[in-house]
Amino acid sequence: MRVSVIGTGYVGLVSGTCLADVGNEVVCLDVDTEKIRGLNAGQIPIFEPGLEELVRLNHQSGRLRFTVDAAQAVRHGTIVFIAVGTPPGEDGSADLQHVLAAARSIGQHITEYTVVVDKSTVPVGTAERVRDTIREELARRGLEVPFSVVSNPEFLKEGAAVEDFMKPDRVVIGADDDIAASLMHQLYAPFQRNHERIIIMDVRSAELTKYAANAMLATRISFMNELANLAEALGADIEHVRQGIGADPRIGYHFLYPGCGYGGSCFPKDVRALMSTAEGVEHPMRILGAVESVNNAQKQVLLNKITARLGHDLQGKTIAVWGLAFKPNTDDIREAPSRTLIVGLLTRGARVRAYDPVAMPAVQKALASQTGISFARSPLEAAAGADALAIVTEWKEFRSPDFDLLHATMRSPIIFDGRNLYDPRVMQQEGFEYFAIGRKAANAGKASLRADNATRVAIDQTKKESAKCSS
């Protein structure tokens, strides 16, 4: 099929590339000349596992092309995706200026029947605004060209987007006419060979489904964070609680991991947008207000634990930070908990030495005006001479470090774990003070097996020396 994608951001680039990979002829359009030049030269503007190679292969095959020529792109596609950004406005509502600009461009250039697909995350009713905008442009041209507007929200997880697109758990299509629905079904047929994953519904329901999904996931995260804080106050262990409630099939284990708050480009923005939509029809969603409030507070938890242990004045202290991206396998730092923590530490006079496998350039740019932060080439380099270590992102390489070497390289063996990567009992045995989320703190000062073992070795050595002297 001939497909055009307007927007080469995260959603647009992944969608266009994956559609090309199954044999479609795809043209991706963007107004950013430098980005298009880079894509044509094989330079990928985002970090996403598996994407760079897929772009290269499909671009070389000729199935995937990049352009700034709107007329060329729009006229190429029987199906034209709108996959541009919808940043939050001052009131939290989604800003649709880029979506409507794309719609105007479509109306200015279509010459035959076209299926226009809203792939961007947009509020309920956006498809109607896109339809009206295209009609206005066609009227200015004095033409009547048939077209359909479809909602096809994306459910891509950053860090697993290629796999999610290639092996979707569902494909939601909101369509009001059979022709458009049939073409969309044909487009997605290669991605559902095992069993039917397409769910056809009306357009407004499809638009709401995306917001509902992200709001539900954000709610689970905030609920678990609240529960973790309560467990800690009561002397319970949230890991045991998580296992106990996750075993209930009505609940399940997904998104039951407490931490230092959610971030990224989706959950914060979509929760606020859904709240704004609800308020617009005088049906405020009070639970989402609590979800957002809890998340904002949770981003302060690690800082609060650090200042409770080290004091509010952190002058002269060096804090190592492992993980800067809002989640593993991405370089996205939008609304990442690490940014809240780092700014809080710097404000209190601490020096920060940070490490992340891929997100350091983004943080260097975002915090360019901040002094007191430096970046390390490895986790151990970040921890060298540190008065404490804060773990903010659960990258795999942080899961099983050399604790002996880590203990030896830090000035003070204190760990504040915002992702509950380690067992508190093991950390106590390794000689660390360990503060996690919703778990009992491990106080190495009271019961350090490392110290006990060292003492026993010294006593045994003394006995041996005494025995030699006696003989």
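All values derive from a computational prediction rather than experimental measurement.

Attention now goes to the overall build of the protein. Regarding its fold elements, the protein presents 19 helices and 14 strands. Burial statistics for the protein: of 471 residues in total, 51% are counted as buried. By sequence separation, contacts in the protein at least 24 residues apart represent 72% of the contacts at least 6 residues apart. Carbon and sulfur atoms provide 52% of the accessible area of the protein, an area that totals close to 21700 Å². Charge separation in the protein, taken as the distance between the mean sites of 52 positive and 57 negative side-chain charges, equals 5 Å.

Further remarks concern the sheet that holds strand E14 (residues 433–435). Reading across the sheet, the six strands line up as E11-E10-E9-E12-E13-E14 and stay open at both edges, with parallel pairing between neighbours. On the outer flanks of this sheet lie strand E11 (373–375) and E14, each paired with one strand and no other. Here the strands of the sheet are splayed against their neighbours by 20 degrees on average, with no regard to which way each runs. Pairing of strand E9 (residues 318–322) with strand E10 (residues 351–355), which is carried by five bridges, proceeds in the parallel orientation. Paired with Trp-322 across the two strands is Tyr-355, which belongs to E10. Packed onto the sheet, helix H13 (residues 301–310) meets E9, strand E12 (388–391), strand E13 (414–417) and E14 and runs at close to 155 degrees relative to E13. Against the sheet, helix H14 (residues 337–347) touches E9, E10, E11 and E12, its axis set at about 175 degrees to E9.

Another aspect to go through is the pairing of E12. Neither face of E12 is exposed, since Ala-388 and Ala-390 on one face and Leu-389 and Ile-391 on the opposite face are all buried. One ladder, built from three bridges, connects E12 with E13; its direction is parallel. Directly across from Ile-391, in E13, lies its bridge partner Asp-417.

Before going further, it helps to examine the packing of helix H9 (residues 203–234) against helix H12 (residues 286–298). At a closest axis distance of 9 Å, the pairing of H9 and H12 adopts a crossing angle of 55 degrees. Looking at the two axes, H9 sits oblique to H12. H12 is crossed by H9, and the crossing has left-handed handedness. The segment H9 lies against H12, with Ala-215, Ala-218, Thr-219, Ser-222, Asn-225, Glu-226 and Asn-229 engaging Ile-287, Leu-288, Val-291, Val-294, Asn-295 and Gln-298.

A few words now on the confidence of the model for the protein. On average, residues of the protein score 93 in pLDDT, and 94% of them reach the 70 mark or higher. Segment residues 445–463: pLDDT under 50, and 12 contacts once partners within four positions in sequence are set aside and those in other chains are kept.

A word on H14. Residues Pro-337, Ser-338, Leu-341, Ile-342, Gly-344, Leu-345 and Leu-346 constitute the buried set of H14. The secondary structure elements touched by the buried residues of H14 are H13, E9, E10, E11 and E12. Looking one or two residues beyond H14, the residue adopting positive phi is Gly-349, at roughly 95 degrees.

Before going further, it helps to examine the packing of aromatic side chains. Within this structure, the stated rule accounts for 11 aromatic pairs. Among the aromatic side chains, those forming a connected cluster through ring pairs are Phe-403, Tyr-422, Phe-432 and Tyr-434. Sitting over the face of the ring of Phe-155, Arg-170 holds its NZ or CZ atom 3.7 Å from the ring centroid.

In this section: the pairing of strand E4 (residues 79–82). Burial of E4 is two-sided: the residues Ile-79 and Phe-81 facing one way and the residues Val-80 and Ile-82 facing the other way are all buried. Where strand E1 (residues 2–6) and E4 come together, four bridges link them in parallel fashion. Directly across from Val-5, in E4, lies its bridge partner Phe-81. With four bridges connecting them, E4 and strand E5 (residues 114–118) associate as parallel partners. When the sheet's bridge partners are listed, Ile-82 is paired in E5 with Asp-118. Chirality of the crossover, the property in question, places the unit of E4, helix H5 (residues 97–109) and E5 among those that are right-handed.

The first and last C-alpha atoms of H12 sit 19 Å apart over 13 residues, in line with the 18 Å expected at 1.5 Å per residue. Those residues of H12 that fall on the buried side of the exposure criterion are Leu-288, Val-291, Glu-292, Val-294, Asn-295 and Gln-298. The arc that holds every buried residue of H12, seen down its axis, measures 160 degrees, which confines them to one face. In this structure, the buried residues of H12 make contact with H9, helix H11 (267–280) and H13.

Glancing now at the state of the cysteines. Under the definition given, this model contains zero disulfides. Here Cys-18 stays free of any disulfide, with the sulfur of Cys-28 as its closest cysteine sulfur at 11 Å. On the basis of relative accessible area, Cys-18 is assigned to the buried category, the value being 0%. Cysteine Cys-266 is unpaired, with the sulfur of Cys-18 as its nearest cysteine sulfur at 16 Å. Given a relative accessible area of 24%, Cys-266 falls into the partly exposed group.

Definitions and limits used
- Residues numbered from 1 in each chain as written.
- Predicted model: local features only at pLDDT ≥ 70, side-chain atom pairs only at ≥ 80, totals over all residues.
- Heavy atoms only, no water.
- Helix = DSSP H or I, 4+ residues; strand = E, 2+ residues; numbered from the N terminus.
- Buried < 20%, exposed > 50% of the residue type's maximum accessible area, 1.4 Å probe, protein only.
- Contact = heavy atoms within 4.5 Å.
- Areas by Shrake-Rupley, 256 points an atom, 1.4 Å probe, with all protein chains shown as cover.
- Lys, Arg positive; Asp, Glu negative; His and termini not counted.
- Charge placed at Lys NZ, Arg CZ, Asp CG, Glu CD.
- Pairing = 2+ DSSP bridges.
- Axes fitted to C-alpha atoms, helices over the stretch in contact; angles between N-to-C directions.
- Parallel < 35°, antiparallel > 145°, perpendicular 65-115°, else oblique.
- Left-handed = near helix turned anticlockwise from the far one by under 90°.
- pLDDT = per-residue confidence, 0-100.
- Phe/Tyr/Trp six-rings, centres within 6.5 Å; stacked < 30°, edge-to-face > 60°.
- Lys NZ or Arg CZ within 6 Å of the ring centre and 35° of its normal.
- Right-handed = clockwise from strand over helix to strand, strands pointing away.
- Expected span 1.5 Å × (residues − 1).
- Arc of directions from axis to C-beta.
- Disulfide = S-S within 2.5 Å.

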